[in-house]
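Spelled out from the first residue to the last, the chains are:
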Amino acid sequence: MKYIQNAKKSIDWSVILIVIAGALFFWSSVSAGEPDYMTEYEVAEWVVSEGESLWSIASSHHHQIDLTIEQTLQWVKEKNAITGEAIYPGQKLYLPVEVKAVAAK
């Protein structure tokens, strides 16, 4: 009988911990939002040339906007709704070109 009571207490705490973990996961995923670098840039249109890749485009433009190559690549993929790595010549892409003006308080 004592074994059953101990097991029941352990199960009760497990359920509580699972509920807390689920609530924390939900809260963090809802409150995370977009990273700042995903929204603060003006855009320019870029036409893909033969032999270009997403990586080559991101690596040639990231220094102009003070982002890493990975951040630029993520920005380009998200803003152009690209899920893979494939792009093709003649495809039009939006690229970040400059920071939007920020009003001072």
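Scope of this entry: the structure provided in the associated data block. (Residues numbered from 1 in each chain as written. Predicted model: local features only at pLDDT ≥ 70, side-chain atom pairs only at ≥ 80, totals over all residues. Heavy atoms only, no water.)

**Here's the deal with unusual backbone geometry**
The general pattern is negative phi for most residues beyond glycine and trans for most peptide bonds. The backbone of Asp 66 shows a phi angle near 60 degrees, a positive value even though the residue is not glycine. Note that Asp 66 resides in the loop between α2 (54-61) and α3 (69-79). In this structure, Ala 81 is a non-glycine residue whose phi angle is positive, near 55 degrees. Assignment of secondary structure puts Ala 81 in the loop between α3 and β2 (92-99). (Helix = DSSP H or I, 4+ residues; strand = E, 2+ residues; numbered from the N terminus.)

**Description of the packing of α2 against α3**
One can describe the packing of α2 onto α3 by two numbers: an axis separation of 8 Å at closest approach and a directional angle of 120 degrees. Relative to α3, α2 is oriented oblique. Note that α2 runs across α3; the crossing there is right-handed. Contact residues: α2 offers Leu 54, Trp 55, Ala 58 and Ser 59, while α3 offers Ile 69, Glu 70, Thr 72, Leu 73, Val 76 and Lys 77. Residues belonging to the contact of α2 with α3 are distributed by class as follows: six nonpolar, two polar and two charged. (Axes fitted to C-alpha atoms, helices over the stretch in contact; angles between N-to-C directions. Parallel < 35°, antiparallel > 145°, perpendicular 65-115°, else oblique. Left-handed = near helix turned anticlockwise from the far one by under 90°. Contact = heavy atoms within 4.5 Å. Nonpolar A, V, L, I, M, F, W, Y, C, P; charged D, E, K, R; others polar.)

**Quick look at the side chain of His 62**
Relative to the assigned elements, His 62 resides in the loop between α2 and α3. At a separation of 2.8 Å, a polar atom in the side chain of His 62 contacts the main-chain carbonyl oxygen of Leu 67. If near-sequence neighbours (up to four positions away) are discounted, His 62 is found in contact with Leu 67, Thr 68, Ile 69 and Thr 72. (Polar contact = N/O pair within 3.5 Å; in protein donor to acceptor, adjacent residues only side chain to side chain.)

**A look at the side chain of His 61**
Relative to the helices and strands, His 61 is located in helix α2. Overall, His 61 belongs to the buried group, its relative accessible area being 10%. At 2.8 Å, the side chain of His 61 forms a polar contact with the backbone oxygen of Ile 57. At 3.0 Å, the side chain of His 61 and the side chain of Ser 60 are in polar contact. (Buried < 20%, exposed > 50% of the residue type's maximum accessible area, 1.4 Å probe, protein only.)

**Some points on α2**
Taken residue by residue, α2 has Leu 54, Ile 57, Ala 58 and His 61 as its buried positions. What you see down the axis of α2 is that its buried residues fit within an arc of 95 degrees, all on one side. Its buried side turned inward, α2 meets β1 (41-47), α3 and β2. (Arc of directions from axis to C-beta.)

**Comments concerning the nonpolar core**
Counting 14 residues, the largest nonpolar core has Leu 54, Ile 57, Val 76, Ile 87 and Leu 93 as its most contacted members. Those residues in contact with Val 76, other than ones at most four positions away along the chain, are Leu 54, Leu 93, Tyr 94, Leu 95 and Pro 96. (Core = buried A, V, L, I, M, F, W, Y, C linked by side-chain atoms within 4.5 Å.)

By themselves, these figures tell us nothing about what the structure is for.
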